[in-house]
Amino acid sequence: DAGVTQSPTHLIKTRGQQVTLRCSPKSGHDTVSWYQQALGQGPQFIFQYYEEEERQRGNFPDRFSGHQFPNYSSELNVNALLLGDSALYLCASSLGSSRANEQYFGPGTRLTVT
Amino acid sequence: AQSVTQLDSHVSVSEGTPVLLRCNYSSSYSPSLFWYVQHPNKGLQLLLKYTSAATLVKGINGFEAEFKKSETSFHLTKPSAHMSDAAEYFCVVRNGQNFVFGPGTRLSVLP
């Protein structure tokens, strides 16, 4: 049973460019959340997708957008990249209807903006 | 809104001695609390969770945590540290549909 997978593993972009990160949830999970983890800090919640809609959003600008597909996989898009967007981007999946709602994390995509 | 405070940014212990990582939470209702571990260049792994059942929660790798409502604490403990426990540990509270992470505690284990 595959866990949460993310691609690519590493990415280097230039300031002002756009980037797309991808996530496949754990088998059986229908909810995907995205987090940004800056160096030396805890992950910060970006947004969550359930039934192909954004269900909840953290304190991130509109440059950060996402999408969930019918197979529950998800994409995170960041436009007009800034140096401060350099971070590890984590995807987590869970079962939306579960009361415990524990989240399973992927290994992350490390984005470097130069 | 829910939040967590991890009182120590870095804890250093000797192999074979007890581990205590401290966490305090703020929540307007009965919280769901979690501890996650992050090894270098690896993803976050769930150690244990509290969801209003037993107040003493046992997790993987010999870790456990006790929920104390009166102290708003959820400290993580282990009787005997192992070299492989060296990692970053995050206390997490669920806020609606998302997780709020603490700043993390880096655990070093000395031989």
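For the structure itself, look to the data block above.
What you see is a predicted model, and the numbers here were worked out from it, not measured in a lab.

### As for the nonpolar core
Among the nonpolar cores identified, the biggest contains 26 residues, and Trp 35, Leu 48, Leu 76 and Tyr 89 of chain B are the most heavily contacted of them. Ranked by residues supplied to this core, first place goes to strand E10 (residues 87-95) of chain B with 4 residues. Every residue in contact with Leu 48 of chain B, bar those within four places of it in the chain, is listed here: Leu 33, Phe 34, Trp 35, Val 57, Lys 58, Gly 59, Phe 63, Glu 64, Ala 65, Phe 74 and Leu 76 of chain B. Counting residues in hydrophobic clusters, the runner-up holds 20 residues, among them Phe 60, Phe 64, Ala 87 and Val 113 of chain A.

### Focus on the interface of chain B and chain A
Chain B puts 19 residues into the contact, and the matching count from chain A is 20 residues. Interface area, chain B with chain A, both sides summed: about 1600 Å², of which 47% is carbon and sulfur. The largest contributions to the chain B side of the interface with chain A come from Leu 44, Gln 97 and Phe 101 of chain B, which together make up 33% of the buried area. Linking chain B with chain A are 1 salt bridge. The shortest N-O distance in the salt bridge between Glu 102 of chain A and Lys 49 of chain B comes to 2.2 Å. Inspection of the region where chain B meets chain A yields 4 residue pairs in polar contact (both at pLDDT 80 or more). Going through the elements one at a time, strand E5 (33-38), strand E6 (44-50), E10 and strand E11 (98-101) of chain B are the ones with two or more residues in the side of chain B that touches chain A. Of the residues in the side of chain B that touches chain A, the class split is 8 nonpolar, 9 polar and 2 charged.

### Considering the packing of aromatic side chains
A complete count under the given rule lists 16 aromatic pairs over all chains for this structure. Ring plane angle 80 degrees and centroid distance 5.8 Å describe the contact between Phe 105 of chain A and Phe 101 of chain B, whose orientation is recorded as edge-to-face. Of this pair, Phe 105 of chain A sits in strand E10 (residues 104-105) while Phe 101 of chain B sits in strand E11, on two different chains. Assessed through its relative accessible area of 10%, Phe 105 of chain A is described here as buried. The class of Phe 101 of chain B is buried, set by a relative accessible area of 7%. One cation-aromatic arrangement involves Lys 26 of chain A over Tyr 104 of chain A; the distance from NZ or CZ to the ring centre is 5.3 Å. For Arg 55 of chain A, the ring lying beneath its charged end belongs to Tyr 50 of chain A, and the centroid distance is 4.2 Å.

The rules we used
- Residues numbered from 1 in each chain as written.
- Chains lettered and ligands numbered in written order.
- Predicted model: local features only at pLDDT ≥ 70, side-chain atom pairs only at ≥ 80, totals over all residues.
- Heavy atoms only, no water.
- Core = buried A, V, L, I, M, F, W, Y, C linked by side-chain atoms within 4.5 Å.
- Buried < 20%, exposed > 50% of the residue type's maximum accessible area, 1.4 Å probe, protein only.
- Helix = DSSP H or I, 4+ residues; strand = E, 2+ residues; numbered from the N terminus.
- Contact = heavy atoms within 4.5 Å.
- Buried area = accessible area lost by both parts, 1.4 Å probe.
- Salt bridge = Lys/Arg side-chain N within 4 Å of Asp/Glu carboxyl O.
- Polar contact = N/O pair within 3.5 Å; in protein donor to acceptor, adjacent residues only side chain to side chain.
- Nonpolar A, V, L, I, M, F, W, Y, C, P; charged D, E, K, R; others polar.
- Phe/Tyr/Trp six-rings, centres within 6.5 Å; stacked < 30°, edge-to-face > 60°.
- Lys NZ or Arg CZ within 6 Å of the ring centre and 35° of its normal.

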